[in-house]
Each structure stands twice: as C-alpha cells, then as structure tokens.
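Coordinate inspection notes
Read off the chains here:
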Protein chains: 2
Amino acid sequence: MTFNFTIEKSTEQGRLGTLVTPHGEVKTPAFIFCATKAAMKAVTPVQMCSANTQIILSNTYHLMLQPGGETVKKLGGLQKMTGWNGPMLTDSGGFQIFSLGHGSVASEIKGSRSNHRPKTLLSITEQGATFKSYIDGRTYFLTPEESICVQRNLGADLIVVLDECTPFHVDKNYTQESMRMSHRWALRSLNEWQKHDDGSQKLYGIIQGGVYPQLRQESCEFINDHDFFGIAVGGCLGASKDQMHDVVGFTMEMVRKDRPVHLLGIGGISDIFAGVAQGIDTFDCVHPTRLARHGGALVKPCNNPSPTREHINLRNSMYINDDQPIEPDCGCETCQWASKGYLHHLLKAQEMVACSLVSIHNIYFMNQLMQAIRDALADDTIDSCKKEWSLSSGRTNSSS
Amino acid sequence: MTFNFTIEKSTEQGRLGTLVTPHGEVKTPAFIFCATKAAMKAVTPVQMCSANTQIILSNTYHLMLQPGGETVKKLGGLQKMTGWNGPMLTDSGGFQIFSLGHGSVASEIKGSRSNHRPKTLLSITEQGATFKSYIDGRTYFLTPEESICVQRNLGADLIVVLDECTPFHVDKNYTQESMRMSHRWALRSLNEWQKHDDGSQKLYGIIQGGVYPQLRQESCEFINDHDFFGIAVGGCLGASKDQMHDVVGFTMEMVRKDRPVHLLGIGGISDIFAGVAQGIDTFDCVHPTRLARHGGALVKPCNNPSPTREHINLRNSMYINDDQPIEPDCGCETCQWASKGYLHHLLKAQEMVACSLVSIHNIYFMNQLMQAIRDALADDTIDSCKKEWSLSSGRTNSSS
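Rules used in this analysis
- Residues numbered from 1 in each chain as written.
- Chains lettered and ligands numbered in written order.
- Predicted model: local features only at pLDDT ≥ 70, side-chain atom pairs only at ≥ 80, totals over all residues.
- Helix = DSSP H or I, 4+ residues; strand = E, 2+ residues; numbered from the N terminus.
- Expected span 1.5 Å × (residues − 1).
- Buried ≥ 20, exposed ≤ 12 C-beta atoms within 10 Å, placed from the backbone.
- Contact = placed C-beta atoms within 7 Å.
- Core = buried A, V, L, I, M, F, W, Y, C linked by C-beta atoms within 7 Å.
- Nonpolar A, V, L, I, M, F, W, Y, C, P; charged D, E, K, R; others polar.
- Pairing = 2+ DSSP bridges.
- Axes fitted to C-alpha atoms, helices over the stretch in contact; angles between N-to-C directions.
- Least-squares fit on C-alpha atoms with pLDDT ≥ 70 in both.
- Parallel < 35°, antiparallel > 145°, perpendicular 65-115°, else oblique.
- Left-handed = near helix turned anticlockwise from the far one by under 90°.
- Domains from an automatic or database assignment.

Side note on helix α8 (residues 172-195) of chain B
Residues and elements named next belong to chain B. The terminal C-alpha atoms of α8, which comprises 24 residues, lie 34 Å apart, in line with the 34 Å expected from a rise of 1.5 Å per residue. Residues T175, S178, M179, S182, H183, W185, A186, S189, E192 and W193 constitute the buried set of α8. Tucked into the core, α8 has its buried residues touching α7 (144-154), β11 (202-207) and α9 (213-225).

Next comes the structure, spelled out in structure tokens:
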C-alpha cells in the first residue's frame, strides 16, 4: 500500500493515526519540519534521522526559482536529492508569493514583527499570479496547473493546491471572492493532478474563508465534497492566538473526519496542544529551527526559568559559565555533551555549528513532544502531558 | 603512560610514529584540523569522529579574547567543553597577534591574497606584545608566561611557546634579533610551564630563523638543547612553495630525531608529501575547511578534471545537473548520498549545511590521505601513493 491514512483512536482530546506514504509511515499527530530550499538549515539528513524526525517539507516557491523543478527531477527528486529519503510534503508556492507580495501576511498570521522586504507580487488574475523572483527580479507566472507540474517534478509524497492567501486587513467581501477563486484554482489543481496521477503523490485541498464562520463553512463543504486525499486549514486565521484557536475550532467541526488534516504554519507548543484537541493531525512551522538559529532553545517548563516563554535565550549572559546542558533530561545529540555556556560562546562567536547544535535540540524536542502527545492520547493522559510540556497559563510568546 | 612519542619506522620517505596523549593516540604523520574558536566551523564533534579525525587544535589568541581562558576552564577545559574529548593542541597566540598586527604575515607565508583587516598590534617589547582585541578594541598585553597560563586554563594536551612571527620583508638582522628574543621567550615559556607541570600538558618549542640557514641552525641548536617535548617549525618559510620546501628541508636536517615535529600552518597535498619526506610528523592548516566553506572539494587526481588544482569548485555551473558525488570512491558521509548538483544548489542558495557537507568531505579526505601516507610508509610504496593522491607535476594552487 503506497498511500493510506488510518485513525487508530479518536477522542475529544485529539486523534491518533498513521499516514502511510511511498517513503514511509508518519505517526500522527506529527510535526513537519521546514526544509525550505530542499535543505534543513544547518542540519544534515543524518542528524534529522537521529533526532527522530518523521517528515519534512520543502517550499515550491523557493525551489521553482532555484534550482528549478526540472533540475530537482534530474537530481532524482526531493527525497533522493536531499538524502532524506523519508516522507515529504511540498506546498504550492502560494503562501510565499502572497506573503512576500503583500509583505505582511506571514507577519500578521504568526504575530511576528513586520518584514521590510520589497513587495514582489505583480498581479493576481483568475488565471494565476505574476510575481518577481527575489533572487534576480525575473518575472514568473504561476498557475494552479503550473504549481502541480512543479510539485510533480519535485516529487514529494504530499502536495498542495495553489491558493490565494489573503492578508488580514481585507474585508469579508474580498475574502469571499478570493476564497471562491481559490476553490476554482483547487479544482484546476485537482484536474491537473488527476491527469498525470501515477500513484506516487497525493493532493491536499486547502480550506479558506478567513475569520468568517460562514465562509469557512462554504469552504469546508467544497473541500469535503471533492476528491482530495488530505485537507489543509489555511488562509487568515486571525490576529491573535485566541482568534486562531476560535477559527481553527469552528472550522474543524465542519471538516470530514476520514482525511488527514494539516494546520498550515503553526508550531508553538501551546498551539499544538490546542490544535490536537481540535482534531489536527499534522503541523508545520519554521519556528523551531529559526528560533534555534537565533539562540532560542525549546525547553519544558521544568527546565525554564521564564514563566512566559516556551524557550530559553542562550545568548543571555546568564549562561556564560553554565556547564549544564539545555535540558538535563533530554536525549538529543547536543544535550549529551554541550553545555549552555559552550553554546553561549558559539553563538557570541557566530560559529555556524551553534545553529546546528541548537537546531538539533529543537528538532528532537518537537519530535519528543509529538511522541509524548501520541502516548498521552493512547493512554488518555493528555492533561498531565500538557502540564509537563506546555506553560500552564497566560499568553505564550512563540515568535523568535 | 600519559605522554609518549615513539618512531616505529624512519626512512628517507618519511617516518611512522605514535604520539600518545592523555586524550588518546595520534598515528603520525597526521593532520591537525583547526577549531579556531573551540569549534570546527560547521562541523560537530560527532561528525569529526565519523570522518576519522585524530586531533584538532584551537587558537589561544581567539579564545583569550572570547570567552577567555578562565571561562573555558570553568566549562571543563577544551576537550570536555567542545565535546571532542580527543587529543588537542593550542598555539600560543603569537601567530595571530603578529599576522593581524602586521596585516601580512599569514598572507605572505601562505601565498594567499593580502588581507585588509585593521592592524591591531600596538607594540612588541622584550616583555611581551601589546595588541587590541579585534572584537571590542580592548587592549591586551600578552607575555610568554601569560600565554602558558591561558593555555593551561584551556587545557589542550599539546601547547606551544609564544614567539614573534616576523613578516617576510624584514632583513636578516631583524630576523636574527627577533629569533633571539623568541628564544628568550621560549625559555620563559618553558620555565612557566615547568613551574606548574602536573603531567597533563606538554610543551613544543618553535624553530625560528626565517629563510636564513645560519639562523635556522642557531635556532635548531637552541630548541634541540632545551627540554621541549616537541618541536614546531615556524617563522617565515619564504615567499614561494619552492622556497618553503628548501627552508623546511635544511631546517629538518638539523632537528633532533627523537621528538615529534610539527610544521605550522601548512596543509596543501603536495606540501604534505614534501614535508613527510623531510621528516615532519604533524601538519595543520585552515585550508581544508576554509576551502570547503567556499565550495572547494578536495579530490584525488583521478576525480579531478583540472590538472592544476587539488580541488574542484562546486560553485561552477558545470555541476548544476551532476547527479554524482564529489568522489564516487570516497567513504565520507557526504559522498554516500549528496550529488555535486545538490551541493551546487546548496552553495548557490547559501544554505549553511553546504559548509557542513563539503567540510565533512574535505576532513575525511585529509584523514584518508594521511592514512594512505602511513600505509605507504609502512609498505615502502610512497611513490605510488603520491601518484594516487597528488598532482604529478607543475605548481599547485592550494589557496582558497
């Protein structure tokens, strides 16, 4: 069996499943790490495996610009080329086109600081999106069909329809029009995928509708009714974590229960607990690895002197002479020997290996967190699991 | 036995030995990799071990400025702090003080391009050297005693006396005066080391004398006659590879034969074959790892389309679609799965992991080279070994 999704247990606490792909099994709930340009930043595939990773994703937007889908295909496809050889997902390119284009979607959704990159989106029409390459300014025209074609060349197991990702500031009318165009794009994606389906890839549809329950319902019905293997919850999820939990909550109530459901771009610890309880099967976010490159190490509350953040900042001078690992009870390669004092030194000295060592910890941490959640769902002990892994109260800050 | 050096075989082709340290054995001839700031750039200690590394070095100059010898001591000393736990050497700090100070010694000696860093050396007196930190401009005063004291805190197995490293353009008179001061500094280093000797570290003296046979003779006699565990060949080695081979050649004829001899800062493949034939036991150079970070992969002549360089440039567009590894007959982690096309993509995309993957290859390559040289010395087959590993004729370019 090359593809399959089975739900082994489903309760109000969340659901346990197995997602089978041609490149291996993924036990869900699972976290998908971002290997944006077909490489985990500062981490090798051997290190990804040692950190118990199940699945990674790459971004079609970046890879279509460099080195291009055709080149990836010539080099054996993503799994072989990257040396990962395990399950992979690619997104459609839409999120980056529109977030770089509007210059604000990602910031708004994730609550991070605004970015100051030049806007590269030139136009959106019924046919597709025209944008400039951030590398050389060359103009590209991406259609739903072209996104599927590029993703076919990239060769990931799980691929995603092209959608328009609307900024938060647009009104319900714009959101509705955009959603309906994304639905038409989803159908075009589905048709293009079906035309060349050789059993090696499966397609996810994306639920749009912004923060509006009525639109989310229309989008759920549309995606539920069409022949997508998996469902991704996308679009604008609101301006705050509370609103995001609301939007995901009422959306998930309307999503059919037999397909794997992915929550796009969310990876804070408390957000994952909330998402699991709402029935989400997979998550992805650059947060764990981006945080690591800035010196942030994810820690359980018992290893965290700060009651408001899910990580410690290894650049803090309090760690200069600290000869203890990030977490004494952690089984990752880094915590076996590297002290916080040494990591502090490496970060201050701008040594690249600091990024590797802290990333390895954060990746292992996320995989252990997901394993703990799966164990807790099996044993009906999610409350004590949450207490062990997640800050108990107050707003958390998962931005880097 | 905590320290020992035994010579198992000595011929005109070179010599085979074993250098025993409290942190393990080093089979010689050996290459010592540069972990300048107490970290290999972009490579973890686990990866260093997998690449068959025997010994690494760190630079006292960088570590005394950041994080400081006391902090390294508090974090367990270099071997524990870095997670390397194998044999280590530290230099005295002299080379960097004087090369950054003059702004040209390293460039001249190694034949690389001139650097444009600000000169930081403020003064050299009989007492020591005064220089400014490249990090924060703070003034430091380094004496021979202080260098030993810092190296004691760092805790490497093998440590080195402070010397003045003269630029190439100085005349014989200056070289002679400098050499004699370096000799006095060597005695002060030796005295300081002996005062606190607890059996955990051994001291190397450095032979000075520039390109002048008469001065090299005086320096050899001085170092031979004093109680140094090992001998390093330092100072200016000339302006060309041919002159360097000459200077090392006539120097080595005068060096006593019972001590391990290290050639400072030399690491080209042809230079290593020349040095081994002259009796050198250990080499060090940033070249293999610095080259890697710029996309240069060391290759045997059979895997090299260029007859003039010891490496291939993976940034070259000829590799865009190349699905073969750097060397098909290489056993390194990288060559097991990574194609030249993928490495080309990672380098163009400025992915940090490119530095890791190419560094791993170059480190493994150097260790295999040294193993091949040791095997060839044992079997008296150094000529065929040289033919397999080194370009047969013409000037080689080992600069990055």
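Observations concerning the nonpolar core
Within the largest apolar cluster, 232 residues are counted, with the highest numbers of intra-cluster contacts made by I56 of chain A together with I56 of chain B. The residues touching I56 of chain A, leaving out its near neighbours within four places in the chain, are I32, F33, A35, M40, M48, W84 and M88 of chain A.

A look at the interface of chain B and chain A
The partner chain A presents 36 residues to the 36 residues of chain B that form the contact. Elements that contribute at least two residues to the side of chain B that touches chain A include exactly α3 (69-74), α13 (340-348) and α14 (352-379) of chain B. For the side of chain B that touches chain A, a count of residues per class yields 19 nonpolar, ten polar and seven charged.

As for the sheet that holds strand β9 (residues 139-142) of chain A
Residue and element names in this part refer to chain A. If you walk across this open sheet you meet the three strands as β7-β8-β9, and the pairing is antiparallel. Looking along the sheet, the strands with just one partner apiece sit at the ends: β7 (121-124) and β9. For this sheet, the mean angle separating the axes of adjacent strands, direction not counted, is 15°. Bridging between β7 and strand β8 (residues 129-132) involves three bridges; their strand directions are antiparallel. Bridged to L121 within β8 is F131.

What to know about the relation of the copies chain B and chain A
Note on the identical chains: chain B maps onto chain A by a rotation of 180° and an axial translation of 0.0 Å, with an RMSD of 0.0 Å. Taken together, the rotation angle and the small translation identify this as a two-fold axis. A shared interface surface links the copies, since 100% of the contact residues of chain B are contact residues in chain A too.

Brief notes about the packing of α7 of chain B against α8 of chain B
Residues and elements named next belong to chain B. Between α7 and α8, the least distance of the axes is 8 Å, while the angle of their chain directions is 40°. As summarised for this structure, α7 and α8 are arranged oblique, according to the angle between their axes. As for the relative orientation of α7 and α8, their crossing is right-handed in sense. Here P144, E145, S147 and I148 of α7 come into contact with α8, specifically with W185, R188, S189, E192 and W193.

Side note on the sheet that holds strand β1 (residues 4-11) of chain A
All names here are of chain A. In spatial order, the strands read β1-β2-β3; together these three strands make up an open sheet with antiparallel pairing. Two strands in the sheet have a free side with no partner beyond their single neighbour: β1 and β3 (24-28). Each adjacent strand pair in this sheet contributes to an overall mean axis angle of 10°, direction not counted. Pairing geometry for strand β2 (residues 14-21) and β3, over five bridges, is antiparallel. Looking at β3, one finds that T21 is bridged to G24. Its contacts with the sheet put helix α14 (residues 352-379) on β1, β2 and β3, and the angle it makes with β2 is roughly 120°.

What about unusual backbone geometry?
Here the bond from T28 of chain A into P29 of chain A is cis, since omega is 5°, no more than 30 degrees from zero. Its identity is not glycine, yet N52 of chain B carries a phi of approximately 70°, on the positive side. Here N52 of chain B shows up in the loop between α1 (45-50) and β5 (55-58). Residue class for N52 of chain B comes out partly exposed when judged on the 15 C-beta atoms lying within 10 Å of it. Although it is not a glycine, N85 of chain B sits at a positive phi angle of roughly 60°. Assignment of secondary structure puts N85 of chain B in the loop between α4 (78-82) and β6 (88-90). On the neighbour-count criterion, N85 of chain B (15 C-beta atoms within 10 Å) is partly exposed.

Considering the domain arrangement of chain A
Residue and element names in this part refer to chain A. Once the domains are mapped, chain A shows domain 1 (4-285) and domain 2 (294-379). The centre of domain 1, based on its C-alpha atoms, is set 28 Å off from the matching centre of domain 2. Taken residue by residue, the interface counts 21 residues in domain 1 and 18 residues in domain 2. Of all the secondary structure elements, the ones that give two or more residues to the side of domain 1 that touches domain 2 are β2, β4 (30-34), α1 (45-50) and α11 (269-277).

Some remarks on the pairing of β8 of chain A
Residues and elements named next belong to chain A. Going residue by residue along β8, you find A129 and F131 tucked away on one face and T130 and K132 left uncovered on the opposite face. Between β7 and β8, which pair antiparallel one after the other, the connecting turn spans four residues. Here four bridges tie β8 to β9, and the two strands are oriented antiparallel to one another. Across the sheet, F131 pairs through a bridge with Y140, a residue of β9. In textbook terms, the turn of a hairpin is the stretch between consecutive antiparallel strands, and for β8 and β9 this stretch comprises six residues, one of which, G137, has a positive phi near 75°.

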